[in-house]
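The chain contents come next:
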Amino acid sequence: MSKQESGCCEPLPEEPLAAAQAVELSAMFKALGDPVRLRLLSMIASRTEGGVCVCELTPAFELSQPTISHHLKLLRQAGLVDCERRGTWVYYWVRPETTDRMAAMLSSVSDRRPVTA
């Protein structure tokens, strides 16, 4: 017998996060589950205009350029960054609509937390 069946808890008023939203958002958060990708996103987000060239990102890590490109590809696939080739180099920028959705979801979780003294 579950707690709800025994009457000790009130049912949830609504499902806070739909299953489809959870799948989509979990892919975004999973992409940030690696310290290199989290740092890459932070570095890219620090540039507000024009994007960041991959040539600026690679020296910050003791990793090969193909490894950095792989991490950037995963960030792109998760919808966190976008890019554009300009001549020889590729420039990256944060997709604010995606990071705003992640922030809103985290904010809604903290807004629902009970206040403790």
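Look above for the structure.
Quick summary incoming for the structure in this document. Just so it is clear, the model here is predicted, and its values are computed rather than measured. (Residues numbered from 1 in each chain as written. Predicted model: local features only at pLDDT ≥ 70, side-chain atom pairs only at ≥ 80, totals over all residues. Heavy atoms only, no water.)

## Some details on the pairing of strand β2 (residues 81-86)
Selection rule: For two strands to count as paired, DSSP must find a minimum of two bridges between them. Helix and strand labels come from DSSP, where a helix needs a run of H or I of at least four residues and a strand needs a run of E of at least two; each type is numbered from the N terminus.
Bridge analysis of β2 against strand β3 (residues 89-94) gives six bridges, and the strand direction is antiparallel. Its bridge partner lying in β3, Arg-85 is registered against Val-90. Where β2 hands over to β3, the hairpin turn is made up of two residues, of which Gly-87 adopts a positive phi near 70°.

## Remarks on helix α2 (residues 19-31)
What counts, and what does not: A helix's residues, less one, multiplied by 1.5 Å, set its expected span. Accessibility here uses a 1.4 Å probe with only protein chains present; expressed as a share of the type maximum, an area under 20% marks a residue as buried, one over 50% as exposed, and anything in between as partly exposed. Along the arc lie the directions from the helix axis toward the C-beta atoms.
Taking 1.5 Å as the rise per residue, α2 with 13 residues should run 18 Å; its terminal C-alpha atoms sit 19 Å apart, in good agreement. Looking only at α2, the buried set comprises Leu-25, Met-28 and Ala-31. Buried residues along α2 cover an arc of 115° about the axis, so they all sit on one side. Away from its buried face, by an angle of more than 90 degrees, α2 presents the exposed residues Ala-19, Val-23 and Lys-30.

## Topic: the pattern of salt bridges
The line we're drawing: Take a side-chain nitrogen of Lys or Arg and a carboxyl oxygen of Asp or Glu: if they are within 4 Å of each other, that pair is a salt bridge.
Taken as a whole and assessed by the stated rule, the structure comprises four salt bridges. A salt bridge links Glu-56 to Arg-47; the shortest N-O distance between them is 2.7 Å. In this structure, the salt-bridge partner of Arg-86 is Glu-84, at a minimum N-O distance of 2.7 Å. Residue classification places Glu-84 among the partly exposed residues on the basis of a relative accessible area of 37%.

Scope: geometric values only; no functional claims are made or implied.
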